[in-house]
Amino acid sequence: MGLLQIDTINVVARSPYMTLFSRLGAFRNEWLDESLAEGVLAECWAHEACFVPAAEYRYHRDYRSGRAGHWAHRMAERTHEEARVDMDALLERIRREGPLRAADFERDTLGTKGWWGWKPEKRWLEAWFALGRLMVARRERFQRVYDLAERVTARWPAPPPAAAMDEGEARRHFVLESVRALGVAKARWIADYFRLRPRVTDDELAPLVDQGLLVRIAVDGWDESAYAHRDHEALLREAARNALRASRTTLLSPFDPVVWDRARAQDLFGFEYTIECYTPAAKRKYGYYVLPILHRGRLVGRLDAKAHRQAGLFQVLGIWLEPGEAATPALVEGVASAIRECATWHGTPRIVIDRSQPRDLAGRLAKALED
């Protein structure tokens, strides 16, 4: 994991918490918030808005031109051009008063959802955040608390060096870390992890292979070279002996790195996935916030869920297995355990399953949940 994408939708759990749950199981949600406040983690624009290790922040800070085409940076530059005086005044207020939330800037009228509908002060705060002058010092009930970047990093256990690094060095670092995170990667998958521009090519990777930093490998059924980080050579040897065995079944966030690159998910898992929360309800195929189901190294289906926290209810609105996936006893038990684990973590232990495909799956899951 090189980063955690941030998304505010909490119909099940907000994405960074859900992504950690998928890997760790039940954990204290406060740990993520505490790590941000203590300077172990930082927020910045990376893949999208993300939590990143504070020790990695300097690379993101110094790779600005490589992300100049990102929509957040384009929007921030435009906002700054249009409201330079007001943005400077906002920055000065934070310099005088200390960390502030968007809610600390009162307005008589409310904005609508989305950056373009926020009240002006929220847009200005986000623009300064994208431009690197403000950072998130901490979160309060998931609301960002903004402070001057230099004050935030000065409080970290290990503040980043003030001197900027060469952007070529930062890009090289991101290429290597992307391959490390992806495990086995085609060249065309690499740029998406940290949203690098331009795309990574085999020619760019060749020197890293020659230096022994990456390993070039052949994968059965692929007509392209693949790459792995040298730190994973022991795992590669196990894979070559067919000795790696996936054992976990879990539910994934729609913004999990396993599925956020749709082309890679299709290529690697044969899993076609679209996030439908931004699609009008009448046009959705599955549901609003559909969670991919990872079972022993395969994406075997998807599940539309809603956590009713006050009622203590975890509602599975629908669950669908992928074509060709058989509802074996092992799969049913694994999926039931994953649902139970997720519901318990939410504090919503009562579970109902409304519908399923195949149709008998709901009943079999309900029985497994009772056992």
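- Looking at an unreviewed UniProt entry, one finds the chain named Winged helix-turn-helix domain-containing protein, with Luteibacter jiangsuensis as its source organism.

Details of the overall build of the chain
Logical step 1: A count of helices and strands for the chain gives 14 helices and 14 strands.
Logical step 2: For 371 residues, the compact-globule estimate of 2.2 N^0.38 gives 21 Å, and the chain sits close to it at 22 Å.
Logical step 3: Summarising its shape, the C-alpha atoms of the chain cover approximately 65 × 60 × 40 Å along the three principal directions.
Logical step 4: Put simply, the chain has 371 residues, and 51% of those count as buried.

Some points on the packing of aromatic side chains
Logical step 1: Taken as a whole, this structure holds 13 aromatic pairs when the rule is applied.
Logical step 2: On the numbers, 5.5 Å between centres and 85° between planes, the contact of Tyr 57 with Trp 156 is edge-to-face. Here Trp 156 lies in the loop between helix H7 (149–154) and helix H8 (167–182) and Tyr 57 lies in helix H3 (residues 57–61), a separation of 99 residues in the sequence.
Logical step 3: Residue classification places Tyr 57 among the buried residues on the basis of a relative accessible area of 8%.
Logical step 4: Judged by relative accessible area, which is 6%, Trp 156 ranks as buried.

What counts and what doesn't
Residues numbered from 1 in each chain as written. Predicted model: local features only at pLDDT ≥ 70, side-chain atom pairs only at ≥ 80, totals over all residues. Heavy atoms only, no water. Helix = DSSP H or I, 4+ residues; strand = E, 2+ residues; numbered from the N terminus. Rg over C-alpha atoms; globule rule 2.2 N^0.38 Å. Buried < 20%, exposed > 50% of the residue type's maximum accessible area, 1.4 Å probe, protein only. Phe/Tyr/Trp six-rings, centres within 6.5 Å; stacked < 30°, edge-to-face > 60°.

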